[in-house]
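# Notes for the structure review
Chain by chain, the residues:
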Amino acid sequence: MTTERYNPRTAEPKWQKAWADAKLFETQTEAAGEKYYVLEMFPYPSGRIHMGHVRNYALGDVVARYKRAKGCNVLHPMGWDAFGMPAENAAMQNKVHPAKWTYENIDTMRKQLKSMGLSLDWSREFATCDVEYYHRQQMLFLDMLDKGLAYRKKSKVNWDPVDMTVLANEQVIDGKGWRSGAEVEQRELVQWFFKITDFADDLASALDSLPEWPEKVRLMQRNWIGKSEGLMLRWALAKGTAPDGEREVTVFTTRPDTLYGASFIAVAPDHPLAQKAAEIDPALEAFIAETRRTGTSAEAIETAEKKGYRTAIEAVHPLDETWRVPVYVANFVLMEYGTGAVFGCPAHDQRDLDFARKYDLPVRPVVLPPHEDPVAFSVADKAYVEDGVIYNSQFLDGKSPDEAFEAVAEKLEASDLFGAPQASRKVNYRLRDWGISRQRYWGCPIPVLHCESCGVVPEARENLPVKLPDDIDFEKPGNPLDRHPTWRKATCPVCGGDASRETDTMDTFVDSSWYFARFTAPRADEPTDPQAANAWLPVDQYIGGIEHAILHLLYSRFFIRAMRECGHLDLDEPFKGLFTQGMVVHETYRDGREWVAPVDVRIVEADGRRVATRISTDTPLDIGGIEKMSKSKKNVVDPDDIIASYGADTARWFVLSDSPPDRDVIWSEAGVEGAHRFVQRLWRLVTETAPKLPNAAGAPGTDGAALEIRKAAHRTVAGVSDDIERLAFNKAIARVHELVNQLSAAFGKIDPANAGETAAARDALSMLTRIVAPMMPHLAESLWEVLGETGLAAAAPWPQVDDSLLSDDTVTLPIQINGKKRGDLTVPAAAGKAEIEKAVLALDVVSAALAGQAPKRLVVVPGRIVNVVV
RNA sequence: GCGGGUGUGGCGGAAUGGUAGACGCGACGGACUCAAAAUCCGUUUCUGGUGACAGAGUGUCGGUUCGAGUCCGACCACCCGCACCA
């Protein structure tokens, strides 16, 4: 009998239409079943979907379809993170309006996503650049302003003096503007901030209430928030050394126990003391100007060479007024953190030690490592940061660092400097408030007005939305909103006088900080429908890239707290379960300097070596490293091409198999073909077996081949369910392979006249179809049809597992001698330790190894292993 | 620089502290075919041996344990994030 090959090109559109016609994935809040909200991070509409998207949405779709089969009321929406810089770059380069560019991209990408056969509720779709969406975001902003969660302050930006524009950190390359090549400067602007620090403590401690988040993400967030308990410590400045009017400097320190090891104070270049000192010291002024040429990113600042400028100022040691330490201005001290001033203890901090060596400052150890001789111990080029005993420290000698911390704190809290305590305890956070101002066009306008008589006033709620103007000009440098001839002109809602609009737009992270809440009631007039939001949230399973581990997730966690304060929902955390997927990576190829795309490359294996040649010219190519797919290195594979030639199911199956989803997956052509072969193999197995099962309606048999088939099927379903719950799709797929191998072998021997066997086979195929359905939904529908099942596979319930088929009567234990496997022993599953011991000692290998002696030790782990120690 | 992660056959990977290499890819051998593709069967960690088998083996070095890929310490390499990329 010949079987036609499965043709995804006809089957996939057919089933996609069947699902859409049945409105299978349009979710009703009131529908029956336990609610389950699955969400993948929504895409930026860059133009076309890439393999990373395919992987992300395939992962989420498996969960969505599985939970639906398990009887849950599943919400699985999709939208677009549509504001941002690339649209403006496209506008500048191609003279296309950002809105047109964005919406055209969305149309393309929606079509591509639909070809994947995702079980999405498209009726809830929106883009963050839709006026309907950013209108509600402006409402949220006003509410937050009202609650004191939004405010203005000065902050630094990267300024390109040629393009007259603010640059993003990624647009600063080696300290120069990416377009103009001009030396970037730091500039201070008054900008809008959200008060995320109000929630710093809760954002850190509530991480403990998120057991379904990866431990690493919780750790990263905890470190990012960076709670530290320390001392605000005031140092008097030595008379005659300080600028006029300055008499003290406050440092924040977590190590007051090392105070007797202090050898310098360092302040940030924009610390008031540094600014004041620079007024009378041109060399210092030049040094500070020099530090402003570093970009504003922490990375740029911290990887820059550590430099300091020794001012004339000296500080008086808080515990010894005869002791003076020099005050430096240093490029690695950040004004945003603590007080913008630190004291350096070189012996017990590596950065301080490097600084001290560079500027020849004293290095005095005050913490003695255990078992070290106090006279001989010294610090050379490695600071000692571990625990020990305090010495060289007067009244602190002999204490532990913790005790010394307490002693210093108590003493200095009680002592007086200029009429106030010299020190106070302080809990400090590394987390800074969230600067949301962007000097760009393609973002959500901040709904605020500047009135000459009333100052900064919020736009009236009824005047919202503040819409972006359509007629804009990207020809000239700078912010198009700022330059617009009329857009800025407005009326003050307080006094009715002339006012001008705020031209800053919001960081696009704001857009993505609450979209998951909007999905629960996407057309509501208010930002949320609190009832719907409270019913659906938190998101049960959120899936996205690890690159969002800190900012996006932290901002979203902040936002639901802010929204709760404003009454938009009542929720502790936005995402109950979080899964961070790995990237899709691909080999790179280059012809000299030029990168070559995989579609233009032919790989031939010769003598065990892989050789790449360019197809068009037959020239040999260098095979480079395996890297994240990126346009610049051309190592991208277009999902459209894959879906067109192999079908969506093959693409989905491939990205789900092999690699565990939290790790990177290497895209390879061979792997895709393997996946496609499996699609055809499943099709063959079912279409060739089904006609042999004419009388399969009865009960499956309970012995012989029938029992074996049933055991295999039920065990696989149990295992696959378990794997999907844990998002271990690669393991689920391995199990499906195993089952198919087993069934193929078993079906060859089936007696078509044996009703027990044919029924078992039929059941097994039905179960197999349902467990592959979340991963290969189109193929599953076609198989479902061949099997003569009714309805759609996508609407079929998950197969029930008969637990009695999961265990065996006997178990085979590996027998180790001194930890090395030397034999096997099969015993009844219920056998006790004593029984096993007796049987083990009777084994030939064991008695030979013992040579008449008693074993030194006999470790029996029932059901697992036996180890005989001789 | 700081924070986080990863490292296992030719390759992707599997393995509640308990038989290292499931499953897949590739390769090799065989069947089918006039032939090829497709498909099916078998072999495939390395070294030695015809073989039974023996030894080695999870980035490197050390430790804990009857037993370590898994736990602990140090190191190496690579990847992600660092607040205006999304």
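Residues numbered from 1 in each chain as written. Chains lettered and ligands numbered in written order. Predicted model: local features only at pLDDT ≥ 70, side-chain atom pairs only at ≥ 80, totals over all residues. Heavy atoms only, no water.

As annotated in an unreviewed UniProt entry, chain A carries the name Leucine--tRNA ligase and is attributed to Jiella endophytica. Recorded in UniProt for chain A, the comment headed Subcellular location (unreviewed entry) runs: "Cytoplasm". Under the UniProt heading Sequence similarities (unreviewed entry), the note attached to chain A is "Belongs to the class-I aminoacyl-tRNA synthetase family." (UniProt positions renumbered as here; feature names shortened; annotations may be inferred.)

### A few points about the sheet that holds strand S3 (residues 150-160)
Strand order in this open sheet of four strands is S4-S3-S7-S19, and the pairing throughout is antiparallel. A strand with exactly one partner marks an edge of an open sheet, and here the two such strands are strand S4 (165-167) and strand S19 (434-435). Note: strand S7 (residues 185-194) against S19, two bridges, orientation antiparallel. Paired with Phe194 across the bridge in S19 is Trp434. Lying over the sheet, helix H5 (residues 131-146) contacts S3 and S7, oriented at roughly 90 degrees with respect to S7. (Pairing = 2+ DSSP bridges. Helix = DSSP H or I, 4+ residues; strand = E, 2+ residues; numbered from the N terminus. Contact = heavy atoms within 4.5 Å. Axes fitted to C-alpha atoms, helices over the stretch in contact; angles between N-to-C directions.)

### Brief notes about empty space enclosed by the protein
One pass over the structure, following the stated rule, counts one cavity of 30 Å³ or more. There is about 90 Å³ of room inside the largest cavity. Taken together, the elements giving at least two residues each to the lining of the largest cavity come down to helix H2 (51-69) and helix H24 (777-786). Among the elements that make up the lining of the largest cavity, the one with the highest residue count is H24 (three residues). (1 Å grid on protein atoms, 1.4 Å probe; cavity = no way out; pocket = protein on both sides within 12 Å on 5 of 7 lines; lining within 4 Å. Points joined across faces, edges and corners; volume = space filled by probe spheres on them.)

### Remarks on the packing of aromatic side chains
A full pass over the atoms with the stated rule returns 39 aromatic pairs. Seen in terms of ring centroids, Phe194 and Phe559 are 5.8 Å apart; in terms of plane orientation they differ by 75 degrees. Their pairing is edge-to-face. Of the two residues, Phe194 is situated in strand S7 and Phe559 in helix H17 (residues 551-565); the sequence distance between them amounts to 365 residues. Aromatic pair Phe509 and Tyr555: ring centres 5.4 Å apart, planes at 70 degrees, arrangement edge-to-face. In this pair, Phe509 is assigned in helix H14 (residues 508-511) and Tyr555 in helix H17, connecting sequence segments 46 residues apart. Phe509 sits in the partly exposed class, given a relative accessible area of 24%. Here a set of aromatic residues connected by ring pairs shows up, and it is made of Phe42, Phe126, Tyr133, Trp514, Tyr515, Phe516, Phe519, Tyr542 and Phe575. The aromatic ring of Tyr151 is capped on one face by Lys195, whose charged end is 6.0 Å from the ring centroid. Cation over ring: Arg430 sits above Trp224, and NZ or CZ is 4.5 Å from the ring centre. (Phe/Tyr/Trp six-rings, centres within 6.5 Å; stacked < 30°, edge-to-face > 60°. Buried < 20%, exposed > 50% of the residue type's maximum accessible area, 1.4 Å probe, protein only. Lys NZ or Arg CZ within 6 Å of the ring centre and 35° of its normal.)

### Notes on helix H19 (residues 648-656)
Most of H19 sits out of view: nine of its nine residues are buried. When H19 is considered as a whole, its buried residues turn out to be Ala648, Asp649, Thr650, Ala651, Arg652, Trp653, Phe654, Val655 and Leu656. Directly beyond the C-terminal end of H19, a positive phi value near 65 degrees is found at Asp658.

### Some words on the confidence of the model for chain A
Of the residues in chain A, 96% reach a pLDDT of 70 or more, and the chain-wide mean stands at 89. Two summary scores accompany this predicted model of the complex, namely pTM at 0.92 and ipTM at 0.93. (pLDDT = per-residue confidence, 0-100.)

### A word on the sheet that holds strand S26 (residues 541-545)
Judged by pairing direction, the sheet is parallel, and its four strands sit side by side in the order S2-S1-S26-S27 without closing on themselves. Only two strands of the sheet have a single partner each, and these edge strands are strand S2 (73-75) and strand S27 (578-581). Adjacent strand axes in the sheet meet at a mean angle of 20 degrees, parallel and antiparallel pairs treated alike. Bridge count between S26 and S27: four bridges; the pairing is parallel. Its bridge partner being in S27, Gly545 is matched across the sheet by Gln581. On top of the sheet, H2 reaches strand S1 (35-40), S2, S26 and S27; it is set at about 175 degrees to S1, its chief contact.

### With respect to the packing of helix H7 (residues 215-225) against H17
Between H7 and H17, whose axes approach to 10 Å, the crossing angle comes to 75 degrees. Regarding the angle of H7 to H17, the classification is roughly perpendicular. Together, Val217, Gln221, Trp224 and Ile225 of H7 and Leu551, Leu553, Leu554 and Arg557 of H17 make up the contact between the two elements. Residues that form the contact of H7 with H17 fall into these classes: six nonpolar, one polar and one charged. (Parallel < 35°, antiparallel > 145°, perpendicular 65-115°, else oblique. Nonpolar A, V, L, I, M, F, W, Y, C, P; charged D, E, K, R; others polar.)

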